[in-house]
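Tertiary structure, described
Here are the chains, one letter per residue:
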Amino acid sequence: MKIVFAGTPAVAVPTLEALAASEHEIVAVITRADAPVGRKRVMTPSPVAAAAERAGLTVIKANRLDDEVTEAIRLLEPDLGVIVAYGGLVKRALLDTPTHGWINLHFSLLPRWRGAAPVQHSLIAGDAETGVSIFQLVPELDAGDIFLRRPLPAPDDATAGDLLDAYATESVPLVLDVVDGIGAGTATSEPQTGDVTLAPKLSAADGRLDWTTAASHVFAHYRGVTPEPGAHTEIVIAPADDTTAAPAEPITTVLKVLALARTSARGLDAGRLALHDKRVHIGTGSGDNLELVRVQPAGRQSMAAVDWWRGLPSGAEISAR
C-alpha cells in the first residue's frame, strides 16, 4: 500500500522506520516544523523529520494540517495514513483523503486516557494495567473503532519516559500487523467500550510534588511527570540559630527532582529532609520516607542528591513544600 505517515517525537521513529523497511511504500512523512532546542535555541528538525530524511523520504513540515497540506497528500493518492504522536488535529478533509483513512497508535488502553499525555496520566493515577491501542482516526478525540488493544508491561519503577520508549518499540509489530491486515482486507475493528477518561497535556505546574500525600502517591506522580514536564519541589532552607547575630531569613529555592526512589525507612515528617545512611531522605504524608537520588538545583547542573546536600549550610533545617 501507499502510506502517508504523520509523527513528530522520538517515540514515532520506530514505527516510521519499520514501515519504511516493509513492503509498503511511504509516499510522504508529515511532521511539525523545526523548533528551537537547548539554551542557544538552535532550530532543530523533529526526530521524525531527521529519520525520514536519513531514509530519503519526502518530508512535509507543517504545524497545521491545512488545505495546502491536504491537497499535497491528495495528489499522492495514498491508500492509508498512519499517525503516531504528530501533535496536531487532523481535519475531516485530510481524514478522508487516504482510501482506508488513518490509523493511530495511541499509548493507552482506550477509552481510558484519551488525549495528549496518556502514559503520564496512567502512571499518576496508579493504574494497575496500561498498554497501547491502534484505532481508526475520527474527528472526535481518540474515539474511533479499535483494531487492536494490547496490555504491555509497566515495571514498578518505570517513568513515563521509560514506558514511552519501551512501548514505541514493542508496538512496531502490532502496527505492522494492522497495516498488513488493512491491505489484505482482513483487518477488523470494534467500537470502544467502557468509561472514558481524558489525558490532557501536562503543564510545568503539574510537575510539583505534594509531600503531604502518601509515599505511593508521590512516587506515582514523580513517575508520571518524568521527564516531562519534570518533577520539582520548593525547598526551604532555614539556617541554624546563631545567638550572636540577628536570625537569618529562610531561603526558598526550586529543586528539580530527576530521580526518586522508594525506601523502607520511616519517621520523617511530611516534606522534612534528612541524611540517612549517606542517602537523602524526605518524609511523606503516610509516614514513609522516599529517597532523593538525583536533583538539579536552580541555575546549576544535575547532580547526585547527596552532593547537593553536602553543599547546604551546616546545621540548617531543610524542608520541601
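Preceding block: the structure.
The following paragraphs examine the structure supplied in this document. (Residues numbered from 1 in each chain as written. Predicted model: local features only at pLDDT ≥ 70, side-chain atom pairs only at ≥ 80, totals over all residues. Heavy atoms only, no water.)

**A look at the overall build of the protein**
Our working definition: Strands here mean DSSP runs of E at least two residues long; helices mean DSSP runs of H or I at least four residues long; both are numbered from the N terminus. Exposed residues in this analysis have more than 50% of their type's maximum accessible area, buried residues have under 20%, and partly exposed residues fall in between, with area computed by a 1.4 Å probe over protein chains only. Note on contacts: a residue pair qualifies if any of its non-hydrogen atoms lie within 4.5 Å across the two residues. Per-residue and other accessible areas follow the Shrake-Rupley method at a 1.4 Å probe size, with only the shown protein chains counted as cover for residues. Think of it this way: Lys and Arg go in the positive column, Asp and Glu in the negative one, and His and the chain ends go nowhere. Lysine's charge is taken at NZ, arginine's at CZ, aspartate's at CG and glutamate's at CD.
Scanning the protein from terminus to terminus reveals nine helices and 16 strands. Projected onto its principal axes, the C-alpha coordinates of the protein cover approximately 80 × 45 × 30 Å. A burial count over the protein gives 46% of its 321 residues as buried. In the protein, the proportion of contacts linking residues at least 24 apart, taken out of those at least 6 apart, comes to 64%. As displayed, the protein offers around 16,000 Å² of accessible surface, 51% of which is attributable to carbon and sulfur atoms. Charge separation in the protein, taken as the distance between the mean sites of 28 positive and 39 negative side-chain charges, equals 6 Å.

**A short note on a negative patch on the surface**
Applicable threshold: Each patch is built from residues lacking any salt bridge and having more than 30% relative accessible area; the joining distance is 9 Å for like charges and 5 Å for nonpolar side chains (Val, Leu, Ile, Met, Phe, Trp, Tyr). Definition used for salt bridges: Asp or Glu carboxyl oxygen within 4 Å of a side-chain nitrogen of Lys or Arg.
A cluster of acidic side chains, namely Asp156, Asp157, Asp162 and Asp165, defines a negative patch on the protein surface. One can find Asp157 in the loop between β9 (146–152) and α6 (160–170). Classification of Asp157 by relative accessible area gives exposed; the value is 53%.

**A closer look at the side chain of Ser46**
The condition that has to hold: Polar contact criterion, stated in full: a pair of N or O atoms within 3.5 Å, where within protein one must be able to donate a hydrogen and the other to accept it, and residues adjacent in sequence count only if both atoms are side-chain atoms.
Mapped onto the elements, Ser46 comes out in the loop between β4 (42–44) and α2 (47–54). There is a polar contact of 2.7 Å between the side chain of Ser46 and the side chain of Thr31. Setting aside its immediate chain neighbours within four residues, Ser46 contacts Thr8, Thr31 and Arg32.

**Thoughts on the environment of Val84**
Inspection of the secondary structure assignment puts Val84 in strand β6 (residues 80–84). What makes Val84 buried here is its relative accessible area of 0%.

**Details of the sheet that holds strand β5 (residues 59–61)**
Our working definition: By definition, two strands form a pair when at least two bridges between them are found by DSSP. The angle between two axes is taken between their N-to-C directions and runs from 0 to 180 degrees, where each axis is a line fitted to C-alpha atoms and a helix contributes only its stretch in contact.
As summarised here, the arrangement of the seven strands in space is β5-β2-β1-β6-β7-β8-β9, forming an open sheet in which the pairing is mixed. Of all the strands in the sheet, the pair left with one neighbour each is β5 and β9. This sheet shows a mean twist of 15° between the axes of neighbouring strands, independent of strand direction. Judged from the three bridges that link them, strand β2 (residues 25–31) and β5 form a sheet pairing that is parallel. Residue pairing in the sheet places Val29 in a bridge with Val59 of β5. Its contacts with the sheet put helix α3 (residues 67–76) on β1 (2–7), β2 and β5, and the angle it makes with β2 is roughly 175°. Against the sheet, helix α7 (residues 172–184) touches β1, β6, β7 (102–106), β8 (130–136) and β9, its axis set at about 165° to β9.

**Considering the packing of aromatic side chains**
Stated precisely, the cut-off is as follows: Aromatic pairing here means that ring centres of Phe, Tyr or Trp (its six-membered ring) are within 6.5 Å. Orientation follows from the plane angle: under 30 degrees is stacked, over 60 is edge-to-face, and everything else is tilted.
Applying the stated rule across the entire model yields two aromatic pairs. Summarising the aromatic geometry, the rings of Phe219 and Tyr222 are spaced 5.6 Å apart at their centres and angled 40° between planes, so their arrangement reads as tilted. Placement of the pair is Phe219 and Tyr222 together in helix α8 (residues 215–224), with a separation of three residues, close to one helical turn. For Tyr222, a relative accessible area of 5% puts it in the buried group.

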